[in-house]
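Survey of secondary and tertiary structure
What follows is each chain in one-letter form.
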Amino acid sequence: MKVLDRVALASCCSSVSSGDDNSFRVQAVFEDRKSLKISAMALRTLTRKLGIGTRLLPMFSSASPLHSHATSFGFKEVREDEKSQMVGNVFSNVASNYDLMNDLMSGGLHRLWKDRLVYDLHPFPGMKHLDVAGGTGDVAFRILENINSTRHRALQDGVEDGLQEDTQIYVCDINPNMLNVGRKRALERGLGENQSLKWVEGDAEALRFGNDSMDGYTIAFGIRNVTHIEKVLAEAYRVLKPGGRFLCLELSHVDIPVFKELYDYYSFSIIPALGELVAGDRESYQYLVESIRRFPPQEKFASMIADAGFQKVEYETLIGGVVAIHSGLKV
Ligand SMILES: C[S@@+](CC[C@H](N)C(=O)[O-])C[C@H]1O[C@@H](n2cnc3c(N)ncnc32)[C@H](O)[C@@H]1O
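Residues numbered from 1 in each chain as written. Predicted model: local features only at pLDDT ≥ 70, side-chain atom pairs only at ≥ 80, totals over all residues.

Per an unreviewed UniProt entry, the chain is named 2-methoxy-6-polyprenyl-1,4-benzoquinol methylase, mitochondrial, and its organism is Trema orientale. Quoted verbatim from the Subunit (unreviewed entry) field of UniProt, the annotation for the chain is "Component of a multi-subunit COQ enzyme complex, composed of at least COQ3, COQ4, COQ5, COQ6, COQ7 and COQ9. Interacts with PYURF; the interaction is direct, stabilizes COQ5 protein and associates PYURF with COQ enzyme complex." Of the chain, the UniProt comment under Pathway (unreviewed entry) reads exactly: "Cofactor biosynthesis; ubiquinone biosynthesis." (UniProt positions renumbered as here; feature names shortened; annotations may be inferred.)

Regular strands have side chains that alternate between both faces of the sheet. With six of seven residues buried, strand 9 (residues 214-220) lies mostly within the body of the structure. Judged from the four bridges that link them, strand 6 (residues 128-132) and strand 9 form a sheet pairing that is parallel. Pairing of Val132 across the sheet is with Ile219, part of strand 9. A crossover links strand 9 with its parallel partner strand 10 (residues 240-251), the connecting element being helix 7 (residues 229-239), and its sense is right-handed. (Buried ≥ 20, exposed ≤ 12 C-beta atoms within 10 Å, placed from the backbone. Helix = DSSP H or I, 4+ residues; strand = E, 2+ residues; numbered from the N terminus. Pairing = 2+ DSSP bridges. Right-handed = clockwise from strand over helix to strand, strands pointing away.)

Turning to the UniProt feature "binding site: S-adenosyl-L-methionine" (unreviewed entry) in the chain, a few remarks are in order. Per the UniProt annotation, the sites labelled "binding site: S-adenosyl-L-methionine" (unreviewed entry) are Thr136, Asp173, Asp203 and Ala204. Structurally, Thr136 can be placed in the loop between strand 6 and helix 5 (138-156). In this view, Thr136 contacts Tyr98, Asp99, Met178, Val181, Gly182 and Arg185; residues no more than four positions away in its chain are not counted. Mapped onto the elements of the fold, Asp173 is located in strand 7 (residues 168-173). (Contact = placed C-beta atoms within 7 Å.)

This part is about the environment of Thr218. Summarising the element assignment, Thr218 is placed in strand 9. Among residues more than four places away in sequence, those in contact with Thr218 are Leu117, Leu121, Asp131, Val139 and Leu247.

Our next topic: the packing of helix 8 (residues 259-279) against helix 9 (residues 282-294). The axes of two packed helices give the description: the angle between them and the distance between them. Direction vectors running N to C along helix 8 and helix 9 enclose 150°, while the axes themselves pass 7 Å from each other. Between helix 8 and helix 9 the crossing geometry is right-handed. Taken together, the residues of helix 9 that come into contact with helix 8 (itself represented by Ser267, Phe268, Ile271, Pro272, Leu274, Gly275 and Glu276) are Arg282, Ser284, Tyr285, Gln286 and Val289. When the residues that make up the contact of helix 8 with helix 9 are grouped by side-chain class, the tally is six nonpolar, four polar and two charged. (Axes fitted to C-alpha atoms, helices over the stretch in contact; angles between N-to-C directions. Left-handed = near helix turned anticlockwise from the far one by under 90°. Nonpolar A, V, L, I, M, F, W, Y, C, P; charged D, E, K, R; others polar.)

Phi angles above zero are rare outside glycine, and Ala133 is one such case at about 60°. Note that Ala133 resides in the loop between strand 6 and helix 5. With 26 C-beta atoms counted inside 10 Å, the residue Ala133 sits in the buried group. A positive phi is found at Phe221, a non-glycine position, where the angle reads about 55°.

Okay, the site of the ligand next. Around the ligand, the structure places 21 residues, and the nearest of them are Ala133, Gly135, Asn175, Met178 and Ala204. Elements supplying a minimum of two residues to the shell around the ligand: helix 2 (80-94) and helix 5. (Near = placed C-beta within 6 Å.)

A rise of 1.5 Å per residue sets the reference length of helix 2, with its 15 residues, at 21 Å; its end C-alpha atoms lie 22 Å apart and thus fit the reference within 8%. Those residues of helix 2 lying buried are Val87, Val90, Phe91 and Val94. The arc that holds the buried residues of helix 2, viewed along the axis, is 90°, so those residues lie on one side. Among the exposed residues of helix 2, those oriented more than 90 degrees off its buried face are Asp81 and Gln85. Next to the buried residues of helix 2 lie helix 3 (98-106), helix 6 (176-188), helix 8 and helix 9. (Expected span 1.5 Å × (residues − 1). Arc of directions from axis to C-beta.)

Right under this line is the structure:
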């Protein structure tokens, strides 16, 4: 298994540059751990003064083990049959402010992470692709734009063979409110009538697509919200054609000392407060950060992907583990 820890946080601010291969690389600039510690203290003092977040970090390591018909909803233990309804409520609540909150919480970096995911996918004209938990269309739009620019370049070079093939990008999400946000954004981008984009309401754990029907499968910031990760991976494997690729972008685990402390503080104090301030909804954002901590660490998730049958399982971590992109190949 190949592990690429390409990116780390640069003193809480990321310096993003475009490399020769046009990939985004954020350079590790941990020159001075002391200054990072001071930043953590300063951040704590500031938030205390602003009155946002003086609570202790939850002791998630002491969470009670889950019994067979229970699952996690953030740090809470809930019945399996309750979870999808609760997750549904979260995304119905956050749908209208989803884009704004994404930009605020990630400082706009989620755009670069999604660019990276699509760069890693290597989309091609005529492909059949499934973007699961794709509600807002962010990943699907990028795939379509990437294919359109490939097509445009090929036409300029006088290559026409195969370009007329029917590209199909399915955006599948369990939540109709999130899909509506995506459809609205497609209209705003002039993609409302685009025949390549298909919006499908459906559950990642029980996809309504045929066996061996997709060239690619992506899931961005979605898999940590499902009840059974194994079922989602089994479904991804089933619908992919031999040679098809699975890619997952997900918030992951930071284990760099000091940065982890800073990141935990940001997650548990700033994000829920931001949710309350901007979206009037602390609870949903509290769930979102808790769900990140309950998601399996990078290595464990990679082994789950391999257990589902995928080969060549790899992952790369971005921003010191804040985000990871896992990939696998169906042979
Ligand atoms: C954090 S959003 C990510 C949206 C989009 N992929 C992005 O990156 O902007 C998570 C999405 O997962 C969807 N979701 C949660 N559980 C799901 C399931 N079992 N099947 C399909 N989608 C699901 C939610 O409705 C929500 O739209």
